[in-house]
Amino acid sequence: MARGPRRSTRGCARRRWRASSATSSRRRGRFAFHRFGPFLALYRAAIISFQVAKLTVWHFVLQDVRKRAEKFRETLIRLGPFYIKLGQALSTRPDILPSAYCRELSKLQDQIPPFPTRVAIKSIESQLGSPISELFVDISREPIAAASLGQVYKAHLHTGELVAVKVQRPGMTVSLTLDALLFDMIGGQLKRFAKARKDLLGAVNEMVRHMFDEIDYILEARNAERFATLYSNSASAEGKSRRGTAVKVPKIYWKYTRKAVLTMEWIDGIKLTDTDRINEVRLDRKRLIDQGLYCSLRQLLEEGFFHADPHPGNLVVTLDGSLAYFDFGMMGDIPRHYRVGLIQVLVHYVNRDSLSLANDFHSLGFIPDGTDLQSVADALSTSFSARSRQSNDFQVIESAYPFVIGRLLADPNPDMRKILRELLIRNDGSIRWNRLERLIAAISEESSESTNETASDPGAKSSEAPGWKSFDMRSVVAATEDLLCFIFSDKGWRVRVFLIQDILKASDAFQEEAFPCIFEAQETMETPDPESAVITRLVNGFHSIRQAVRSAPEVWTAMLIRMLLRREVHKFLFDVFTAFAIHSRSKVPEKFWLCLSRFLHYLEKQQELQDSSNIQ
């Protein structure tokens, strides 16, 4: 009994000595850097200059763009982590580099030369203050994956959990500091060699701002837990979300995590680019795309906390169809006013409102001050007329549309209500009836599915995450009431004028479709256009409204009672009745004589047919 504590005391003393030694080493390293910084900078500049000079020679020697791209990638690897990270970021930017360079640089996402395992083990022991055998039952002899700033080992904890141990490359702080300062010296030459289409230096400077956060693994662990809290779902026992998107984030083991070592849950998965393997395990690729788009939209438009480096090496799909995210070193936060601005961009894009889009781009900072917004609007208008509806950009916008509608209905803030009005009401006050019909039909369809699910599974939890096209009915009712209050307010007078005109037009069309035999002989009747079949549209619309009301009758009833008690509604109903009376007074005589004339014509024609048959 007495020996155990002594061993523990010796172990604690050994760990304290190691931690003290690590602290002393870091202090000596900082001292050496400050003392020999200029010499290190010159030495590093010489290495970079030599590699850039070689790259320049290859630029004149090689004519094949693919071989140039290969030399470009090899040079970035030789230059080290900073430039590897640069290549990874640029591999997803075909707007900056030619496609051949993007394809070649994409190899940097998972084909990085590792550093020696003995160095990694020494770093783990130094950071955690214990021998590797006391920390893990076993650890892989070679890294499972190597990245630009670190590499990952597979290990088992003494408690049995399978974990991934991420170890930072040695000397990252000094290396990144030097390379960030020296990049301006050779950035222009790299831009010329790669034939960059945009400001390469500007893109790199944006990346450098986040790169120093990436080498702080404690910050990355906090980011992972925050991301999991916001987006990870586990609504069912199998780990799948029935009506949401299943997102997995590795669990963080804080006991084995330090600034340069990160220990997290091991998650097996398939790369999204491995289509053969995805087909082999029979995963629904369309559903995976929807899941990824839905999670991305939530990050960008709802919560604002987003994964800023979602390349194929950081995003995999598990065998149960969940999306697993890794590497939370590079994250971003979007302020609320920018999120609202992005939603407004999507709505104006759907409305094909080019001038409003130009103003949106200016307010979001995409267009600098002093730009002629009218010329931008004209260019956007031209692109709308020339763009095919089958283009990928348009398909992404259309896929995002249901989510945007859900956000507009759920968020009661005035700015979101204004965007909802812009979606359904034109600038002149007329109502976009086709869009309103589709929205009502979508709400009705979702409410019907929800009712069926509840009936088939009464024990289902109501607190599950909202799905891709789900609508909270209380939010729908609240948005409807706000929209009606606007229409009946002083600001909505133009909408009321158009609404009364549309009611009268619908009444006329209804009469002509409901009683066609009065106006035209049956043999000369034209087949009505399905798009303008008023009766069908009215019936479908009332059916959709009825279905939506059935899902929450008490909420809808309370809202309708509140609206019917408003004086503005009484006045509008009186205006509708008056307009209908005046319209009918002028229409009834005309309709009467028209009907009488056609009826007499019909009798005359029938008489002629009878006479001709008698003669025969």
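Because the structure is predicted, anything quoted here is derived from the model rather than measured. (Residues numbered from 1 in each chain as written. Predicted model: local features only at pLDDT ≥ 70, side-chain atom pairs only at ≥ 80, totals over all residues. Heavy atoms only, no water.)

## Section: the overall build of the protein chain
Defined as follows: Runs of H or I in DSSP of at least four residues are treated as helices and runs of E of at least two as strands, each being numbered from the N terminus. Only heavy atoms matter for contacts: two residues are in contact if any of them lie within 4.5 Å across the pair. Where accessible areas are quoted, they stem from the Shrake-Rupley method and a 1.4 Å probe; at the residue level, only the protein chains shown are allowed to cover.
On a plain count of helices and strands, the protein chain comes out with 23 helices and eleven strands. By sequence separation, contacts in the protein chain at least 24 residues apart represent 68% of the contacts at least 6 residues apart. As presented, the protein chain carries roughly 35,000 Å² of accessible surface, and 57% of it is formed by carbon and sulfur atoms.

## A word on a nonpolar patch on the surface
Selection criterion: Exposure above 30% relative accessible area and the lack of any salt bridge qualify a residue for a patch; like charges then connect within 9 Å, and the nonpolar side chains Val, Leu, Ile, Met, Phe, Trp and Tyr within 5 Å. Criterion for a salt bridge: a side-chain nitrogen of Lys or Arg within 4 Å of a carboxyl oxygen of Asp or Glu. Relative accessibility decides the category of a residue: with a 1.4 Å probe and only protein chains considered, values under 20% of the type maximum give buried, values over 50% give exposed, and everything between is partly exposed.
Taken together, Phe510, Leu538, Phe542 and Ile545 make up a surface patch of nonpolar side chains, about 380 Å² in accessible area. Ranked by the residues each element gives to the nonpolar patch, the list is headed by helix H21 (residues 534-551), at three residues. Examined against the element boundaries, phenylalanine 542 turns out to sit in helix H21. Taking relative accessible area as the criterion, phenylalanine 542 reaches 58% and is therefore assigned exposed.

## Focus: the nonpolar core
Keep this limit in mind: Buried Ala, Val, Leu, Ile, Met, Phe, Trp, Tyr and Cys residues form a nonpolar core when they are joined through side-chain atoms within 4.5 Å.
Core analysis: the biggest nonpolar cluster contains 55 residues, and Leu408, Leu409 and Ile443 have the highest contact counts within it. Among the nonpolar cores identified, the runner-up in size contains 31 residues, and Val52, Phe82, Met172 and Leu176 belong to it.

## As for the packing of aromatic side chains
Threshold: To pair, rings of Phe, Tyr and Trp, with the six-membered ring standing in for Trp, must have centres within 6.5 Å; the planes then decide the type, stacked if under 30 degrees apart, edge-to-face if over 60, and tilted in the middle.
Per the counting criterion, the structure on display carries nine aromatic pairs. Ring plane angle 35 degrees and centroid distance 6.0 Å describe the contact between phenylalanine 136 and tyrosine 256, whose orientation is recorded as tilted. In this pair, phenylalanine 136 is assigned in strand S1 (residues 136-139) and tyrosine 256 in the loop between strand S5 (247-248) and strand S6 (261-265), connecting sequence segments 120 residues apart. Here tyrosine 294 and phenylalanine 403 contribute two aromatic rings whose centre-to-centre distance is 5.7 Å and whose plane-to-plane angle is 75 degrees, an arrangement assigned as edge-to-face. Of this pair, tyrosine 294 sits in helix H11 (residues 285-303) while phenylalanine 403 sits in helix H15 (residues 392-410), and the two are 109 residues apart along the sequence.

## As for the sheet that holds strand S7 (residues 270-271)
Under the convention used in this document: Strands are labelled as partners when DSSP assigns at least two bridges between them. Where helices are involved, their axes are fitted lines through C-alpha atoms of the stretch in contact, as for all axes, and angles between N-to-C directions lie from 0 to 180°.
Spatially, S5-S10-S9-S7 is the arrangement adopted by the four strands of the open sheet, whose pairing is mixed. In this open sheet, the two edge strands, each paired with only one partner strand, are S5 and S7. Examined bridge by bridge, S7 and strand S9 (residues 315-317) share two bridges and lie antiparallel to one another. Among the inter-strand pairings, lysine 271 is bridged to a residue of S9, identified as valine 316. Across the sheet, H11 is in contact with S5, S9 and strand S10 (323-325); its angle to S10 comes to roughly 45 degrees.

## Some remarks on the pattern of salt bridges
Any two side chains of opposite charge can pair if their charged atoms end up close together. Taken as a whole and judged by the stated rule, the model has 23 salt bridges. With its nearest N and O atoms 2.9 Å apart, the salt bridge here joins lysine 286 to aspartate 290. Pair noted here: lysine 286 and aspartate 290 are both in helix H11, with a separation of four residues, about one helical turn. According to the relative accessible area criterion, lysine 286 is exposed, its value standing at 53%. The shortest N-O distance in the salt bridge between arginine 336 and aspartate 411 comes to 3.3 Å. A residue pair is termed long-range when its members are at least 10 positions apart, and arginine 336 in helix H12 (residues 336-351) and aspartate 411 in the loop between H15 and helix H16 (414-424) qualify at 75 residues.

## Quick look at unusual backbone geometry
Even without being glycine, aspartate 327 reaches a positive phi, approximately 60 degrees. Within the secondary structure, aspartate 327 sits in the loop between S10 and strand S11 (331-333).

## Overview of the environment of serine 123
You can see serine 123 is positioned in helix H5 (residues 117-128). On a C-alpha basis, the gap between serine 123 and glutamine 168 in space is 8.2 Å, while along the polypeptide they are 45 residues apart.

## Focus: the side chain of lysine 166
Going by this rule: Definition of a polar contact: a pair of N or O atoms within 3.5 Å, with one able to donate and the other able to accept a hydrogen when the atoms are protein atoms, and with sequence-neighbouring residues admitted only if both atoms are side-chain atoms.
Tracing the backbone shows lysine 166 in strand S4 (residues 162-168). At 3.5 Å, the side chain of lysine 166 forms a polar contact with the side chain of aspartate 327. Setting aside residues no more than four positions away along its own chain, lysine 166 makes contact with Gln151, Val152, Tyr217, Glu220, Ala260, Val261, Leu262, Met264 and Asp327.

## Notes on the confidence of the model for the protein chain
Inclusion rule: A residue's pLDDT is simply how confident the predictor is in it, with values from 0 to 100.
For the protein chain, per-residue confidence averages 79 on the pLDDT scale, and residues scoring 70 or more make up 75% of the total. Least confident of the elements in the protein chain is helix H20 (residues 516-519), whose mean pLDDT is 48; most confident is S6, at 97. pLDDT under 50 marks residues 458-466. Its contacts with residues more than four places away, or in other chains, come to ten contacts. Across residues 521-532 the pLDDT falls below 50, and counting only partners more than four positions away or on other chains, this stretch makes seven contacts in the model.

## Considering the packing of H12 against helix H13 (residues 354-363)
As a reminder, the rule being used: The labels follow the angle: roughly parallel below 35 degrees, roughly antiparallel above 145, roughly perpendicular from 65 to 115, and oblique for the rest. By convention, the crossing between two helices is left-handed when the near helix turns anticlockwise from the far helix through less than a right angle, and right-handed when the turn is clockwise. Think of it as three bins: nonpolar holds Ala, Val, Leu, Ile, Met, Phe, Trp, Tyr, Cys and Pro, charged holds Asp, Glu, Lys and Arg, and polar takes everything else, Gly as well.
At a minimum axis distance of 9 Å, the contact between H12 and H13 shows a crossing angle of 160 degrees. It follows from the interaxial angle that H12 and H13 lie roughly antiparallel. H12 and H13 meet at a crossing whose hand is left-handed. For the pair H12 and H13, contact is made by Gln344, Val345, His348 and Tyr349 and by Ser356, Leu357, Asp360 and Phe361, respectively. Here the contact of H12 with H13 is composed, by residue class, of four nonpolar, three polar and one charged.

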